[in-house]
Each structure stands twice: as C-alpha cells, then as structure tokens.
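# Fold and geometry: a report
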Amino acid sequence: MKRIFSGVQPSGNLTIGNYLGAIKQFVELQNEGDAFYCVVDLHALTVPQDPDELRKRSREIAQLYLACGVDPDKATIFLQSHVKEHAELGWLLQCVSYTGELNRMTQYKDKSEGKSAVHVGLYTYPVLMAADILLYDTTHVPVGDDQKQHIELTRDIAERFNGRYGDVLVIPEPQIQEFGARIMALDDPEKKMSKSAESEGSRIGILEPPERFRKKIMRAVTDAENEIRFDPEKKPGISNLLTIYSMFADVPVESLVERYAGQGYGTLKKDLVEVLEDKLGKIQQRFVQFDDQAELDNILRRGAEKARAVAEATLNRVKDAMGLVRFG
Ligand code: TYM
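These lines cover the structure that appears in this document, whether it is placed above or below. Each chain has its residues counted from 1, following the order in which its sequence is written. With pLDDT at 70 or above as the cut-off, local features in this predicted model cover only qualifying residues; side-chain atom pairs require 80 or more to be listed or tallied, and sums for whole chains, interfaces and linings still use all residues. Working from all heavy atoms in the structure, the side-chain values ignore hydrogens and water.

Backbone geometry at D137 places phi at a positive 50°, although glycine is not the residue there. Along the chain, D137 turns up in the loop between α7 (120-134) and β4 (140-142). The phi torsion at D250 lies on the positive side, around 60°, for a residue other than glycine. In this description a helix means any DSSP run of H or I spanning at least four residues, a strand means any run of E spanning at least two, and both kinds are numbered starting from the N terminus. Looking at the secondary structure, you find D250 in the loop between α10 (236-249) and α11 (253-259). Exposure remark for D250: the relative accessible area of 66% places this residue in the exposed category. Note on exposure labels: buried denotes an accessible area under 20% of the residue type's maximum, exposed denotes more than 50%, and partly exposed covers the range between, all computed with a 1.4 Å probe on protein chains only.

Of all the 7 residues making up strand β1 (residues 2-8), 5 are buried; the element is thus mostly covered by neighbouring parts of the structure. A pair of strands is labelled paired if DSSP reports no fewer than 2 bridges between them. Looking at chain direction, β1 and strand β2 (residues 33-39) are connected through 7 bridges and run parallel. Each bridged residue has a counterpart across the sheet, and for F5 the counterpart in β2 is F36.

With that out of the way, let us pick up the site of the ligand. Y125, D132, D146, I183 and K195 are the nearest of the 27 residues found near the ligand. The separation between an oxygen atom of the ligand and a polar side-chain atom of N18 is 3.1 Å. Q147 has a polar side-chain atom sitting 3.0 Å from a nitrogen atom of the ligand. The protein chains hide 97% of the 710 Å² of surface that the ligand would expose on its own. Broken down by class, the residue content of the shell around the ligand amounts to 12 nonpolar, 10 polar and 5 charged. A single heavy atom is enough: if one lies within 4 Å of a molecule or strand, its residue is considered near that molecule or strand. Under this definition, polar contacts are N or O atom pairs within 3.5 Å; protein pairs additionally need one hydrogen-donor-capable and one acceptor-capable atom, and for neighbouring residues in sequence, both atoms have to be side-chain atoms. For the area figures, the Shrake-Rupley method with a 1.4 Å probe applies, and any residue is considered shielded solely by the protein chains shown. Residue classes follow a fixed rule: Ala, Val, Leu, Ile, Met, Phe, Trp, Tyr, Cys and Pro count as nonpolar, while Asp, Glu, Lys and Arg count as charged, and any other residue, Gly among them, counts as polar.

Multiplying 1.5 Å by the helix residue count minus one yields the expected span of that helix. Given a rise of 1.5 Å per residue, 25 residues ought to cover 36 Å, and the 36 Å separating the end C-alpha atoms of helix α12 (residues 265-289) matches this to within 8%. All of the buried residues along α12 are Y265, L268, K269, L272, V273, V275, L276, L280, I283, Q284 and F287. Any two residues whose heavy atoms approach within 4.5 Å at even a single point are treated as in contact. In this fold, the buried residues of α12 make contact with α1 (16-29), α3 (51-68), α9 (210-218) and α10.

The next subject is the nonpolar core. Take the buried Ala, Val, Leu, Ile, Met, Phe, Trp, Tyr and Cys residues and link them wherever side-chain atoms come within 4.5 Å; each set so joined is a nonpolar core. In terms of nonpolar packing, the biggest core is built from 55 residues, with Y37, Y65, I244, F248, L276 and L280 touching the most fellow members. Here the element with the most residues in this core is α12; it accounts for 9 residues. Ignoring any residue separated from it by four or fewer positions in sequence, one finds L276 in contact with I204, F213, I217, I244, F248 and G281.

Our focus in this paragraph is the state of the cysteines. The definition used for a disulfide is geometric: two cysteine sulfur atoms within 2.5 Å. Going through the model one piece at a time under the given rule, you end up with 0 disulfides. The closest cysteine sulfur to the non-disulfide-bonded C38 is located on C68, 16 Å from its own sulfur. Looking at C38, the relative accessible area reads 0%, which means it is buried. What makes C68 buried here is its relative accessible area of 10%.

Inspection of the secondary structure assignment puts R259 in helix α11. Exposure remark for R259: the relative accessible area of 45% places this residue in the partly exposed category. In this structure the C-alpha to C-alpha distance between R259 and V170, which are 89 residues apart in sequence, comes to 46 Å. Beyond its immediate stretch of four places on either side in the chain, R259 contacts Y245 and V251.

Nothing here speaks to function; it is geometry throughout.
Okay, structure coming up:
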C-alpha cells in the first residue's frame, strides 16, 4: 500500500504551476494509497508573514485542495501546526543533519542571496520538510521538480538515521511527473512560475478571473519564429504554453502540435484562454461551494486527529531509537 504525503505553503496565491505540478497529482494519487495532504503553515513562517493573512491563506489552501478535487473521505487534509510532532521530529532530525548539506540547498541559496539577515528557520527549512515526510512512513511524495533536491536530502537524512539507529524510518521516493513538473513564468520562460515572484505577469493564480489571465496569456513571451513546435530547450515559451494547454485539456502535446500546424501563436493562445476559462472556472465554482468555514474547520480537525495518530507512533519509534526516556 502506497503511503503518500505532500504539502503546499500558504505563502501566496496558488498558481497553475502548483496545480499542474502538485495538486493535480494529489487528486489522482488519493485513489492509489493512503494520502496525507498538509498545509505547511510552519514552513511559511520562514519568511515574514502578516498573521491575519497567514491564517486566511492557510484555510484557503485547504479549501483549494477540496475545490481541486481532493476528497476528505479518501485523503487526510490538515494543517502542519496542528500536529506538533512535525516540529519535534524536525529538531531530532536537525541533530543528524549537517550544515554542509543544508548549505548546498539551491532554494536556500536563492532565497537568502543578497540578504544581510537570514532567519535560522529558512536555513533549517529542508529538515522540517524531511520531518513532514518521514513522520508518515511515506513511500511516495508527489511534488514539482523544484522540490527534488529537498527529497533527496530527506532520503539522505533517513538513510543516515537508519545507519546509526537501526531500521526506523521509511525511505521515500519523489513522485515527479515527466511532463508538467516545471511550469515556467509566462513573461520569462527561462524562470519557474512562482507564487512569490514579484512580477504579476509571470503567473496565473488558480482563483484568478479570466479578464486578468487573458492578458497574461496573450502577452506571454514566445519567440520570433511563429512556428508551433514542442522544444523546451530552443522554444521554451511556446513549449510552456503547449504543456499548460495539454495538461488542462487532457490532450497529448503531439495532437496539439498537429492541430495547430501552420497556424500562428495567437490562435493557440486564444484557445488556451478558453480552456483555462473552462477548467479554472470549474475549480473556482467549487471553491465557492466549499466556503463554509465551520465545515472546513471540521475537516481540518478530523484530519489533524488522524495525522497525529500516525505521527505520534513514528515519533515514539524515533525517540526510543535515539535514547530519549519515555514512560511506558
Ligand atoms: P511550494 O508551496 O512552493 O509548492 C507546492 C507544490 O507546487 C510545486 N510547484 C510547481 N510545480 C510545477 N511548476 C511550477 N512552476 C511549480 N511551482 C511550485 C512544488 O514543487 C510543490 O510540490 N517545500 C515545499 C512544501 C513542503 C513539502 C513538504 C512538499 C513542505 N513540506 C513535504 C512535499 C512534502 C514548498 O515550498 O512547496
């Protein structure tokens, strides 16, 4: 039986990159195993957050999971801060992690570059992520390509732990799609689409209305050739649009390339806007349907209870292995 775990940070408005790279997989995988989908609010605190905004966004991400099709009767949905074992295992794992390996994390390097003061939490972030995953004896971690290095670190930490203390932790596998694992920025297809990037024109939010995303698609950077071909290396802009189109419309890229042969980028862009209007429109409608905050809190409360039971058992195994005293 697969044990699936993944998380999303409530640190901005979720983009279609988050959806295609991660949440779409969450929905598919909930039928293949025992799935835990977390809103990683403790991770969001690694950069300054407005408290009211963070509270609002944390619930909003859970609501988006539901709107995108995560079913709380199949998967466990919860907030990271509601299961204190995450922070606790995070500490224990810090004691088997090396500064050298954290120094190598590219996301840390990017986020701390040029800053004179960097919080310790930003540095130890990947160890908390390892704790998230390892607490649930996770076998599969569905994520986008940018999280690959963090999952490799998780595996290294778990293997080191097991080497020192015995067979305690399950070694997880990243589940990264071959296609759509890295949706690129619309205004600069050399960069990843990100919910925290400064440029609004770089991304489309899952909850964004068509009048806003239409312009962004129509202005998306392509190339001067005006020939529709899938070639992420040489033609990153149009290849990115083809990827987004293919994944939302559920049509293979090759069929799209055939369909648009001899036509200009404008036609493809216009059709893509229509596809997005339809697909995002459906998610947005469902988002409104799940707006009952009391019901949402019930789902999160139940989720946290279920998660806690699993997390506590793993943490106890870890404590026993490390030599911490527990009363029987
Ligand atoms: P976060 O919140 O940045 O992103 C959530 C998920 O979306 C994926 N993603 C993308 N996929 C494709 N194209 C893109 N442009 C794109 N942008 C983001 C991310 O890869 C991710 O899967 N550290 C994690 C959160 C986390 C976590 C975990 C994930 C904390 N603990 C344990 C898995 C397991 C993060 O910051 O994701």
